[in-house]
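# Structural features, examined
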Amino acid sequence: MWLKPEEVLLKNALKLWMMERSNDYFVLQRRRGYGEEGGGGLTGLLVGTLDSVLDSTAKVAPFRILHQTPDSQVYLSIACGADREEITKHWEWLEENIMKTLSVFDSNEDITNFVQGKIRGLIAEEGKHSFAKEDDPEKFREALLKFEKCFGLPEQEKLVTYYSCSYWKGRVPCQGWLYLSTNFLSFYSFLLGSEIKLIISWDAVSKLEKTSNVILTESIHVCSQGENHYFSMFLHINQTYLLMEQLANYAIKRIFDKETFDNDPVLDDPLQITKRGLENRAHSEQFNAFFRLPKEETLKEVHECFLWVPFSHFNTHGKMCLSENYICFASHDGNLCSVIIPLREVLAIDKTNDSSKSVIISVKGKTAFRFSEVKEFEQLVAKLRLKCGATSTQYHDISTEVPISSDSIDPSDDTDVQSLTCQRECSKTVNTEALMTVFHPQNLETLDSKMLKEKMKEQSWNILFSECGRGVSMFRTKKTRDLVVRGIPETLRGELWMLFSGAVNDMAANPGYYAEVVEQSLGTYNLATEEIERDLRRSLPEHPAFQSDTGISALRRVLTAYAFRNPKIGYCQAMNILTSVLLLYAKEEEAFWLLVAVCERMLPDYFNRRIIGALVDQAVFEELIRDHLPQLTEHMTDMTFFSSISLSWFLTLFISVLPIESAVNVVDCFFYDGIKAILQLGLAILDYNLDKLLACKDDAEAVTALNRFFNNVTNKDSPLPSSVQQGSNVSDEKSSHIRVDITDLIRESNEKYGNICYENIHSMRCRNRLYVIQTLEETTKQNVLRVVSQDVKLSLHELDELYVIFKKELFFSYYWCLSSPVLKHHDPSLPYLEQYQIDCQQFRVLYHLLSPWAHSANRDSLALWTFRLLDENSDCLINFKEFSSAIDIMYNGSFTEKLKLLFKLHISPAYTEVQYKDPSKGDELSKEELLYFSQLHVSKPAKEKEAKSAKNSPEKEKEKVNIQAYLSQWQDELLKKEENIKDLPRMNQSQFIQFSKTLYNLFHGDPEEESLYQAIAVVTSLLLRMEEVGRKLHSPTSAMKGLSGAVCVSGVPSEGQAEKPLEKEPSSPREEPQWSFAFEQILASLLNEPALVKFFEKSIDLKAKLENAKTSQLSSRTKK
């Protein structure tokens, strides 16, 4: 590798380097200890250790070239090499292209400048074809070389970054280098002759966390496939951990959430994944989550500044964050003050002329925001004006403007006009009022104590609006949080839910979208709509709004529209309960966008078939219980109890367990604080019932205690009629349990557990997501092994090892073959056996690694024919059950079963004549040839293919589940009988010739090779004579000519002898009748030869084969 020229001190270097070649201008040196017998003794060990610890590859490569000029003591390192061959090429290039030119220059300075320029040009040329970009630092380029040299991964593997650290092997730390790439965590160390090389794929990581103990002050713990690894002594451990966390979750998304991955251009292209890119991505995700912005927003700039808070009369210090469509501010104390300013609301942007460096942003509604002490404020103002097209307006004029009501429509605003038009068009089908205003209108004439309290709440909010503003750009302060904890008034609930959730931004950005989706989704019928219809009447059935067609129709439209918008989620139970509550307080379109915000941003991955998001948050909840309620953890023998009781808490935001009048207060807090509010409340509930839970003897008793508690949670300030309130159904006289007010419970949860911050929850979510995914994958594996083990003789341990190898080979294709047209990525909705399937190319790799017949010269053809035989549904993919059945026969099958397998490989539909495009490669097939032959004679009309696919997997299309198809499939498998050898078709002439060649190839290299050759020659000769006699008996006039030459009777047939009949026979089918053999004939003939029977019946060590495959799987993939 050519290096950026750097000066070296040759005097000290002579102790570590030995001269190999030299001339007037260049010196080639070899590192001491390399290339010497015994590794150079103690010197070699010390040098090797030093090389492993040092940071520069130029210092550790065993060979290097220096540039020198006569009469100069200055040497420049210009190249290094991992082996003698590489460095020799560089030396020869210098002699041929540089040496002759240097004699032309007059001064040594000109020579040095010319050499430096040439070397830099070579480096730039190499950079065009390398994953290391030209603007990468030189050290990163050198680290990339060392990474490629140490681990031998494919060149498509992108190195993201590297760190110096210690790896703990037992109690001994080993200093080395940690390399983080797109798919692997790799570590290399060489200390005093002891080499450690570690490669862990990100998708195999089940635990990733920062830990500390007495020995390790702070380290990163990685658990993969049951093995624990500890890394410490990082310079910036937090930065390293966050990057590892991102790469692990990126790999999980890539493997298990293919749809999200494909929709993200950064994730889909490994070349775009860089350390800086991942850091920016993490900042954008935190920015969007904190301010509840659409996922498409990207954090562009951050400015330290002060924001003038007019109602408090002081400047608060914080950060101004800019994205494509929003200006946001958060004070350094996150609870103190925050503001979100959509650019669509901006009227004018100004700057002051004084030394305050202030930026003034005027928005609709007679409001202005003054940001001071902004660095480069002039450029910022120009940039913002360009973004939003706002004009410059004098600051003193703003106060004289007419206030713009949040409900009014600006006629100059095209977006608002379009939204209004669409609302009018769909007003016939879409409710424009919240159901609560229709079914429970407030009677202002008869005000009871509860209604008076409600009016006082409204007045408190109106005072807040007058101080902090109203609408999307209002100031959000500690007072806002306090009012939310007390409960939002009924009349303001819908408006504030939209505001705090960020749904107001989604709706503003997509005017008319809901009406359009409703129209498109009406009349559709699929599995989601069927489930929706079944659950409509179960959604708050006690509420009058959902005892009428008005509420039911609105609920149907919202749920069906969302299922149409997001078919990946479709419909999931619990969505109906949540949407019912949303419709009570929000208009129908607003309820739709609130549902979008909950399902796609606030509770990601909650509402799908595997409810991964809910399982992750349950794991986070268990972790918080261990931290905050240790006595409860010690009492409970099994933490899964908390998972079983809390699932409905998370999925329905406590709506399903609390009375409706209390549950809406929880929803208030959820929209303001996100999942943090649910976790805090869960802890407060367990804490409140701590003594009762500690006294419980079993889980059932604990569940009963909690249910009794929920029934006694009330909302004494709720203005809802008693006929609607669920908590009022139990009278105080009959209940001996103490009533708990929801407001007090929420306030207590904030006081006790309010210190739980979003950053910690996000980190715990990432950490537990890895564990949940790996647990689900383990469940899938166990189910697959249980099904497959019934049909094979392989032990469970062997099947387990085989499954790991099978799945890993599939994942390798996900790493580096993203554009493969046949491969299907992980779909957890499919049956267990269909979730992972491999194509012919992957099968060939596994066949080479595992098959006892892989030593055969025509092994590629055998792999192809085996794949075609296993691919019964002709979709060019096979699952693990099909794959393991073939391996099982090869290792555990009887003589008859193995012979039958070979026989079937040489007849239709498995057999296809292979014609090699490149004869120089022998019997090796290219990837393109392999895929081409695997698809021959299996293409079928699209309709037939879809019908067969639906039959094989009734759930595949995610339409209505075909129960009859499932029963038919199950019955076919139950009635499946042992294949009768008499049912096998006969083997024709060309197929028999290939069959004989395959047997000869299988015997090659065997200790009994000669006797096996002789035996097969006898068998083929006998079969030919039997066929000739049989033909004469049936047709005396016909004679057999030239057939005995097809297979040599004694000895091994030459390639020419075997191939001539293949060429002649097809051209003259009528002149000479085709002859064929039945399987019974071949079996009977082979049974007469003990050598052949012994060959096929000898046991083969599968365990050793599996171990070898696990160690060489990655390297074999690299060679392909």
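Residues numbered from 1 in each chain as written. Predicted model: local features only at pLDDT ≥ 70, side-chain atom pairs only at ≥ 80, totals over all residues. Heavy atoms only, no water.

### Quick notes on the overall build of the chain
For the chain, the helix and strand inventory stands at 47 helices and 26 strands. When contacts within the chain are restricted to residue pairs at least 6 apart in sequence, long-range pairs at least 24 apart make up 67% of them. Accessible surface computed for the chain: about 52800 Å², of which carbon and sulfur atoms make up 51%. (Helix = DSSP H or I, 4+ residues; strand = E, 2+ residues; numbered from the N terminus. Contact = heavy atoms within 4.5 Å. Areas by Shrake-Rupley, 256 points an atom, 1.4 Å probe, with all protein chains shown as cover.)

### A few points about unusual backbone geometry
Going from S908 to P909, the amide bond is cis rather than trans, its omega being 10°. One can find P909 in the loop between α38 (895-905) and α39 (927-934). For A574, which is not glycine, the phi torsion reads 100° and is therefore positive. Structurally, A574 can be placed in the loop between α22 (549-565) and α23 (575-585).

### Re the nonpolar core
Nonpolar side chains in soluble globular proteins generally cluster together in the buried interior. Core analysis: the largest hydrophobic core is formed by 143 residues, its most contacted members being F371, W461, M575, F607, F654 and F671. If you tally residues by element for this core, the top one is helix α24 (residues 588-602), at 10 residues. Membership of the second largest hydrophobic core comes to 137 residues, among which are L185, I838, L931 and V1019. (Core = buried A, V, L, I, M, F, W, Y, C linked by side-chain atoms within 4.5 Å. Buried < 20%, exposed > 50% of the residue type's maximum accessible area, 1.4 Å probe, protein only.)

### Some details on the side chain of D839
Residue position: D839 is located in the loop between β23 (837-838) and α35 (840-850). Under the relative-accessibility criterion, D839 is labelled buried at 4%. A polar contact is formed between the side chain of D839 and the backbone nitrogen of Q841, at a distance of 3.4 Å. (Polar contact = N/O pair within 3.5 Å; in protein donor to acceptor, adjacent residues only side chain to side chain.)

### Observations concerning helix α7 (residues 138-151)
The periodicity of an α-helix, 3.6 residues per turn, causes residues three or four places apart in sequence to face the same way. When the terminal C-alpha atoms of α7 are compared, their 20 Å separation across 14 residues agrees well with the 20 Å that a helix rising 1.5 Å per residue should span. Taken across its 14 residues, α7 has 11 buried, putting it largely inside the fold. For α7, every residue scored as buried is listed here: E138, F140, R141, E142, A143, L144, L145, K146, F147, C150 and F151. The first or second residue beyond α7 is G152, which carries a positive phi of 60°. (Expected span 1.5 Å × (residues − 1).)

### Some points on the packing of helix α33 (residues 758-788) against helix α34 (residues 796-816)
Interhelical geometry of α33 versus α34 gives an angle of 125° and a closest axis separation of 10 Å. One element, α33, and the other, α34, form an angle in the oblique class. You can see that α33 and α34 cross each other, and the crossing is right-handed. For the pair α33 and α34, contact is made by E777, T780, K781, Q782, V784, L785 and V788 and by L796, L799, D800, Y803 and K807, respectively. (Axes fitted to C-alpha atoms, helices over the stretch in contact; angles between N-to-C directions. Parallel < 35°, antiparallel > 145°, perpendicular 65-115°, else oblique. Left-handed = near helix turned anticlockwise from the far one by under 90°.)

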